[in-house]
Amino acid sequence: MKISVNNKEVETAAVSISELVEELLLPLQGIAVAVENRLVPRTAWDGYALAEGMNIVIIKAACGG
């Protein structure tokens with residue numbers, strides 16, 4: 001299915017946020033995921049079903065100030 005990740009179209013076989021994070025080889029710590037501009041708690045990633053055309057934003061924590 002095609003989804004948008006950080007404003008880029010991505011073809012994925014992932015069916016949940018957890019699977020998407022794993023597929024994109026992202027670290028499990030230091031990131032936040034929002035779907036359709038709503039933050040999804042990490043505890044909900046396994047059960048959060050992805051659908052065609054979803055808009056997902058992944059934010060990575062950065063050190064510094």
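Rules used in this analysis
Residues numbered from 1 in each chain as written. Predicted model: local features only at pLDDT ≥ 70, side-chain atom pairs only at ≥ 80, totals over all residues. Heavy atoms only, no water. Patch = residues over 30% accessible without salt bridge, like charges linked within 9 Å, V, L, I, M, F, W, Y side chains within 5 Å. Areas by Shrake-Rupley, 256 points an atom, 1.4 Å probe, with all protein chains shown as cover. Salt bridge = Lys/Arg side-chain N within 4 Å of Asp/Glu carboxyl O. Lys, Arg positive; Asp, Glu negative; His and termini not counted. Charge placed at Lys NZ, Arg CZ, Asp CG, Glu CD. Helix = DSSP H or I, 4+ residues; strand = E, 2+ residues; numbered from the N terminus. Buried < 20%, exposed > 50% of the residue type's maximum accessible area, 1.4 Å probe, protein only. Contact = heavy atoms within 4.5 Å.

Student: Summarise a negative patch on the surface; cite the residues concerned and give the values.
Tutor: Judged by side-chain charge, Glu19, Glu22, Glu23 and Asp46 come together as a negatively charged surface patch. As for its placement among the helices and strands, aspartate 46 is situated in the loop between strand 4 (38-40) and strand 5 (55-60).

Student: Any details on the environment of methionine 1? Residues and values, ideally.
Tutor: Assignment of secondary structure puts methionine 1 in the segment before strand 1 (2-5). Given a relative accessible area of 25%, methionine 1 falls into the partly exposed group. Setting aside anything within four residues of it in sequence, one finds methionine 1 in contact with Val10, Glu11, Thr12, Ala14, Leu50, Ala51 and Glu52.

Student: Break down unusual backbone geometry for me, citing the residues and quoting the values.
Tutor: Peptide bonds are trans in most cases, and residues, glycine excluded, mostly fall at negative phi. Unusually for a residue other than glycine, asparagine 6 sits at a positive phi of about 50°. The exposure class assigned to asparagine 6 is partly exposed, which follows from its relative accessible area of 37%. Positioned with a positive phi, asparagine 7 is a non-glycine residue whose angle comes to about 65°. Looking at where asparagine 7 falls in the secondary structure, it is placed in the loop between strand 1 and strand 2 (8-11). Look at asparagine 7 and you get exposed, because its relative accessible area is 72%.

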